[in-house]
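For reference, the chains in residue letters:
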Amino acid sequence: MAILVTGGEGYIGSHCVIALIDAGYDVVIFDNESTGFASTGKTLKSIGSKGKVTDVVKGDLLVTEDLEKLFSTHDIDAVIHFAAFSQVAESMTDPSKYYRNNVTGTMNLLDAMVRHDVKKIVFSSTAATYGEPVYVPIDEKHPQNPINPYGRTKLDIEYMMDDYDRAYGLKSVRLRYFNVAGADTKGRVGECHDPETHLIPNILKSTFGDGKVFRMFGTDYDTRDGTCVRDYVNVEDLSDAHVLALRYLENGGDTDFFNLGTNEGSTVKEVFAVCEKVTGKKIPVSIEGRRPGDPATLVADNSKAKEVLEWAPRRDLDHSVKTAYDWEVKKRNA
Ligand code: UFG
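Everything numeric in this text was worked out from a predicted model, so none of it was measured. (Residues numbered from 1 in each chain as written. Predicted model: local features only at pLDDT ≥ 70, side-chain atom pairs only at ≥ 80, totals over all residues. Heavy atoms only, no water.)

**Q** Explain the layout of surface pockets here, please?
**A** It is the rolling of a water-molecule-sized probe over the atoms that shows where space remains empty. What the second largest pocket holds in volume is close to 250 Å³. Lining the second largest pocket we find Y232, T262, E264, G265, S266, P313, R314, R315, D316 and L317. Split into classes, the residues belonging to the lining of the second largest pocket amount to 3 nonpolar, 3 polar and 4 charged. (1 Å grid on protein atoms, 1.4 Å probe; cavity = no way out; pocket = protein on both sides within 12 Å on 5 of 7 lines; lining within 4 Å. Points joined across faces, edges and corners; volume = space filled by probe spheres on them. Nonpolar A, V, L, I, M, F, W, Y, C, P; charged D, E, K, R; others polar.)

**Q** What am I meant to see in the packing of helix 5 (residues 95–115) against helix 6 (residues 149–168) here?
**A** Geometrically, a packed helix pair is captured by the angle between its two axes and the distance between the axes. Taken N-terminus to C-terminus, the directions of helix 5 and helix 6 make an angle of 20°; their axes are 9 Å apart at the nearest point. Considering the angle they form, helix 5 stands roughly parallel to helix 6. For the pair helix 5 and helix 6, the sense of crossing is right-handed. Here helix 5 contributes P95, Y98, Y99, N102, V103, T106, M107, L110, D111 and V114 to the contact with helix 6, which in turn contributes P149, Y150, R152, T153, D156, I157, M160, M161, Y164 and Y168. Its residues assigned to classes, the contact of helix 5 with helix 6 shows 14 nonpolar, 3 polar and 3 charged. (Axes fitted to C-alpha atoms, helices over the stretch in contact; angles between N-to-C directions. Helix = DSSP H or I, 4+ residues; strand = E, 2+ residues; numbered from the N terminus. Parallel < 35°, antiparallel > 145°, perpendicular 65-115°, else oblique. Left-handed = near helix turned anticlockwise from the far one by under 90°. Contact = heavy atoms within 4.5 Å.)

**Q** Looking at this structure, I do not really get the side chain of H242. What am I missing?
**A** Inspection of the secondary structure puts H242 in helix 8 (residues 235–250). At a separation of 2.7 Å, a polar atom in the side chain of H242 contacts the main-chain carbonyl oxygen of L238. Contact partners of H242, with chain neighbours within four places excluded, come to C16, I80, F82, V122, L175, Y177 and L260. (Polar contact = N/O pair within 3.5 Å; in protein donor to acceptor, adjacent residues only side chain to side chain.)

**Q** It is not clear to me how the pattern of salt bridges should be interpreted in this structure. Could you clarify?
**A** When the charged atoms of two side chains with opposite charge come close together, those side chains can pair. By the definition in use, this model includes 28 salt bridges. Between D184 and R188 there is a salt bridge; the shortest N-O distance is 2.8 Å. Note that E328 and K331 form a salt bridge whose closest N and O atoms lie 3.4 Å from each other. Within this pair, E328 and its partner K331 are both found in helix 11 (residues 317–333), separated by 3 residues, close to a single helical turn. One salt-bridge network, in which partners are shared between bridges, spans E236, D237, D240, R314 and R315. (Salt bridge = Lys/Arg side-chain N within 4 Å of Asp/Glu carboxyl O.)

**Q** Sorry if this is basic, but what is going on with the sheet that holds strand 11 (residues 256–260) here?
**A** Note on sheets: strands pair through backbone hydrogen bonds, and any given pair is parallel or antiparallel. Taken together, 7 strands build an open sheet; the order of strands is 3-2-1-4-5-6-11 and the sheet is parallel. At either margin of the open sheet sits one strand with a lone partner, and together these are strand 3 (53–58) and strand 11. Geometrically, the sheet is characterised by an average inter-axis angle of 20° between neighbouring strands, direction not taken into account. Of the strand pairs in this sheet, strand 5 (residues 120–126) and strand 6 (residues 171–177) are connected by 7 bridges, and their pairing is parallel. Note on strand 6: the bridge partner recorded for I121 is S172. (Pairing = 2+ DSSP bridges.)

**Q** When you look at the site of the ligand in this model, what are you seeing that I'm missing?
**A** Surveying the vicinity of the ligand reveals 22 residues, the closest of which are H198, R215, R230, R291 and D294. T197 places a main-chain nitrogen or oxygen 3.3 Å from an oxygen atom of the ligand. For the ligand, whose unbound accessible area comes to 690 Å², protein coverage reaches 90%. Breaking the shell around the ligand down by element, the ones donating at least two residues are helix 7 (199–204) and strand 8 (214–217). It is strand 8 that provides the largest number of residues to the shell around the ligand, a total of 4 residues. Within the shell around the ligand, the residues separate by chemical class into 12 nonpolar, 6 polar and 4 charged. (Near = heavy atom within 4 Å. Areas by Shrake-Rupley, 256 points an atom, 1.4 Å probe, with all protein chains shown as cover.)

**Q** Is there a simple way to explain the pairing of strand 11 in this structure?
**A** Regular strands place side chains that alternate from one sheet face to the opposite one. Summarising burial for strand 11: 4 of the 5 residues are buried, a large majority. Pairing of strand 6 with strand 11 involves 5 bridges; the strand directions are parallel. Looking at the pairing, Y177 lines up with L260 of strand 11. (Buried < 20%, exposed > 50% of the residue type's maximum accessible area, 1.4 Å probe, protein only.)

**Q** Whenever I open this one, helix 1 (residues 11–22) confuses me. Can you help?
**A** Every α-helix carries 3.6 residues per turn, so stepping three or four residues along brings you back to the same face. The end-to-end C-alpha distance of helix 1, which contains 12 residues, comes to 17 Å, matching closely the 16 Å that a straight helix rising 1.5 Å per residue would cover. Within helix 1, 11 of the 12 residues are buried, leaving the element largely enclosed by the surrounding structure. Within the span of helix 1, buried status applies to Y11, I12, G13, S14, H15, C16, V17, I18, A19, L20 and I21. Looking one or two residues beyond helix 1, the residue adopting positive phi is G24, at roughly 100°. (Expected span 1.5 Å × (residues − 1).)

Distances and angles like these do not, on their own, reveal function.
As structure tokens, then:
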């Protein structure tokens, strides 16, 4: 039996694959390599641990034959589903791409699961399903009113999963990530987005003295130093939560949803200061206007994940920045 990881060659998926094999699971990766990398699949396949990556399948959630072949040639026990497009700005200009890939793609996946009697899925959801916060910290009872198509596709999928549970008994855990940061402590995988929109890699890419200047978006927010507050959760901690969510379903847990964050917020200026401290470099910065659609503060209340999944984040922001920096250096030297 194996765990199917869709999007296993992407940023979060690849770290989760390592957490799964370290926990003794065998893993089959399914990825269309549109934003994931074949080289990441090769790296993951070469890692020896308690479990292993038994197969890396290149295929697309929009091609039902790909899914049919996948499920009929592998013995899948449960699915962890990452494969999705995730850029907020792009989702505003090309919503069709997001609804087709994220919503239709997931429906195809769930249909294949139902046909092949696979009844457990852990899904990569997002704090973006909450939209503009009504209160912080945000718990799971916070209203879900996403303000962009990306967030709406993820919320549509959450609803779809409820309906598939009621009708077909498919149990899901939806993990609503806050801001994911860092890289594998052993430097085997890390973040590779193109274009990169995330704060920490963008600050770190400006440390190499090649003229790239970090653009700080908005210093006039109603926060302690005027810059946006976000809750940065380490990618390895996040991956551990997926293993716990899988175990929860294996132990008969019912469909549920959990925030994954640290309960603590850092401002953009604070993150910038950590980057300068950890890298020992003076980083060039230009102060810009606000980026449209950025709420001032997003911080998780993670008590439910702590209580039900017995998850606790262990790695701090310094560790996330250090591992992310080591990864940027490794990529440049590759
Ligand atoms: N920022 C900059 N400069 C940059 C990049 C980001 O100043 O070059 C600022 C942003 O304006 C924001 C903060 O850093 O204030 C964090 O921005 P990110 O793009 O790193 O993260 P977001 O909070 O915008 O987005 C994250 C996830 C999304 C998810 C969203 C909502 O990346 O997928 O949280 O929870 F939708």
